[in-house]
Amino acid sequence: MVENNRGDVLGADLLRGHTDTIVLALLHHDDSYGFEIFKRIRDATGGRHEIKEATLYATYRRLTKDGLIEAYWGDESQGGRRKYYRITDAGRAVYRRNVAAWALTRDLIDSLLDLDRPAGLSDATPRRST
């Protein structure tokens, strides 16, 4: 467990394993440049979590090498040219698989942590009192 920039304790290891999927999710919506992705992650969490820029840039390099995203240079605007990233078809397929795997994992962990609820019941399923 680590503290984020507001002193809250986070399961950083849980989040760290999903950096690729988080980046793919953001690029699934539209192309973006590196620092903008950093800001979108920070803003989406209300500032509760940031992924270090060095971690993100390593992620961009790995995803590019794996053919899941591709990089291109944007037009100059207020300074130097920005390197933008876009998701590829292979990246979309990996994103969909990762989201499905996350949903199954989340359901499994929810079942294991909520020991009072019989296995296989969702939150929408009414619970019977005993």
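It should be emphasised that the depicted structure is a prediction, and the values quoted were computed from it without experimental measurement.

1. Examining the nonpolar core
Counting residues in hydrophobic clusters, the biggest one holds 18 residues, and the most contacted among them are V23, L24, L27, I37, L56, Y60 and I69. For this core, the elements supplying multiple residues, two or more each, are helix 2 (19-29), helix 3 (34-44), helix 4 (53-65), strand 5 (83-87) and helix 5 (89-113). If one sorts the elements of this core by residue count, helix 2 sits on top with five residues. Discounting chain neighbours no more than four positions away, the residues touching L27 are S32, I37, I69, Y85 and I87.

2. Quick word on the packing of helix 2 against helix 3
Taken N-terminus to C-terminus, the directions of helix 2 and helix 3 make an angle of 105 degrees; their axes are 11 Å apart at the nearest point. What the angle tells us is that helix 2 and helix 3 run roughly perpendicular. Taking contact as the criterion, the partners of I22, V23, L26, L27 and H29 in helix 2 are, on helix 3, I37, R40 and I41. Grouping the constituent residues of the contact of helix 2 with helix 3 by class yields six nonpolar, one polar and one charged.

3. Things to note about the sheet that holds strand 5
Hydrogen bonds between backbone groups are what pair the strands of a sheet, and the pairing can be parallel or antiparallel. Taking strand neighbours across the sheet as the criterion, the three strands line up as 3-5-4 in an open arrangement whose pairing is antiparallel. Across the chains shown, the open sheet's two edge strands, defined by having one partner strand only, are strand 3 (32-33) and strand 4 (69-73). Pairing between strand 3 and strand 5: two bridges, direction antiparallel. Looking at the pairing, S32 lines up with Y85 of strand 5.

The rules behind each value
- Residues numbered from 1 in each chain as written.
- Predicted model: local features only at pLDDT ≥ 70, side-chain atom pairs only at ≥ 80, totals over all residues.
- Heavy atoms only, no water.
- Core = buried A, V, L, I, M, F, W, Y, C linked by side-chain atoms within 4.5 Å.
- Buried < 20%, exposed > 50% of the residue type's maximum accessible area, 1.4 Å probe, protein only.
- Helix = DSSP H or I, 4+ residues; strand = E, 2+ residues; numbered from the N terminus.
- Contact = heavy atoms within 4.5 Å.
- Axes fitted to C-alpha atoms, helices over the stretch in contact; angles between N-to-C directions.
- Parallel < 35°, antiparallel > 145°, perpendicular 65-115°, else oblique.
- Nonpolar A, V, L, I, M, F, W, Y, C, P; charged D, E, K, R; others polar.
- Pairing = 2+ DSSP bridges.

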